[in-house]
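# An overview of the molecular structure
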Amino acid sequence: FPSTVAKPQVVVGLGIDEPPAATAPHGVRALESRPYLLCLGRVDHSKGTHLLASLFARYKERNPGPLALAVVGPVQRPVPVHSDIVEVGEVDDATKWALLRGATLLVSPSAFESFSLVLFESWEAGVPVLVNARCSATVEHVVRSGGGLAFDNYAVFEAELDRLLVDDRLRRSLARAGARYAEQY
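Residues numbered from 1 in each chain as written. Predicted model: local features only at pLDDT ≥ 70, side-chain atom pairs only at ≥ 80, totals over all residues. Heavy atoms only, no water.

So, on to the environment of Ala53. With respect to the helices, strands and loops of the structure, Ala53 is situated in helix α1 (residues 49–62). Residue contacts for Ala53: discarding those within four places in its chain leaves Leu69, Val79, Pro80 and Ile85. (Helix = DSSP H or I, 4+ residues; strand = E, 2+ residues; numbered from the N terminus. Contact = heavy atoms within 4.5 Å.)

What follows is the structure in structure tokens.
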């Protein structure tokens, strides 16, 4: 960024403070008895949530079953209505952590992230990630950590999602690798 070269810069660290383990259910009835993918962040076309909703709807057409998608965060543009997509909206920290802990995996569909704190929160919660391969920042974290997989089109999304859904050992291994990376960096 040429305009900032001559300006003093500061790099500051940012930690993740996970609240104590919650014993109460996360309170989202539509998810309490179902496996679910979690998309956490602003619900907006520019953040990839609509892309994810479209990919997930297609996945569900080809793979019926109980799997749901939980979209959690401030809603700028609602995702299309689908019986297996639960648009939760904004939640408090305790609910966010409960949703993270209960998720099968976190999906980060954004192609435009510069860091993505939610990846680190997901790994802290013991959950692997699936990221948009067009986002160099999240792909770099996934590659360096070994904490997840990436997709760049529907076929890869379906294949990687199927792989993660059926292989508990792989999910646990990715989550552990991500947690080590998050702790180190």
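Now that the structure is up, let's keep going.
Ranked by internal contacts, the top residues of the largest apolar core, which has 49 residues, are Leu38 and Phe157. In this view, Phe157 contacts Leu52, Leu55, Phe56, Tyr59, Leu130 and Phe151; residues no more than four positions away in its chain are not counted. (Core = buried A, V, L, I, M, F, W, Y, C linked by side-chain atoms within 4.5 Å. Buried < 20%, exposed > 50% of the residue type's maximum accessible area, 1.4 Å probe, protein only.)

The next subject is a positive patch on the surface. Where like charges cluster on the molecular surface, the positive patch consists of Arg169, Arg172, Arg176 and Arg180. Counting through the fold element by element, Arg180 comes out in helix α6 (residues 168–184). (Patch = residues over 30% accessible without salt bridge, like charges linked within 9 Å, V, L, I, M, F, W, Y side chains within 5 Å. Areas by Shrake-Rupley, 256 points an atom, 1.4 Å probe, with all protein chains shown as cover. Salt bridge = Lys/Arg side-chain N within 4 Å of Asp/Glu carboxyl O. Lys, Arg positive; Asp, Glu negative; His and termini not counted. Charge placed at Lys NZ, Arg CZ, Asp CG, Glu CD.)

A few words on the packing of aromatic side chains. Under the defined criterion, the tally for this structure stands at eight aromatic pairs. Aromatic side chains Phe115 and Phe120 sit 5.0 Å apart centroid to centroid with 10° between the ring planes, which places their arrangement in the stacked category. When its relative accessible area of 35% is taken as the criterion, Phe115 is described as partly exposed. Residue classification places Phe120 among the buried residues on the basis of a relative accessible area of 5%. Feature note: the residues Phe115, Phe120, Trp123, Tyr181 and Tyr185 constitute an aromatic cluster, connected by ring pairs. For the cation-ring pair, Arg144 lies above Tyr185, with the distance from its terminal atom to the ring centre recorded as 4.9 Å. (Phe/Tyr/Trp six-rings, centres within 6.5 Å; stacked < 30°, edge-to-face > 60°. Lys NZ or Arg CZ within 6 Å of the ring centre and 35° of its normal.)

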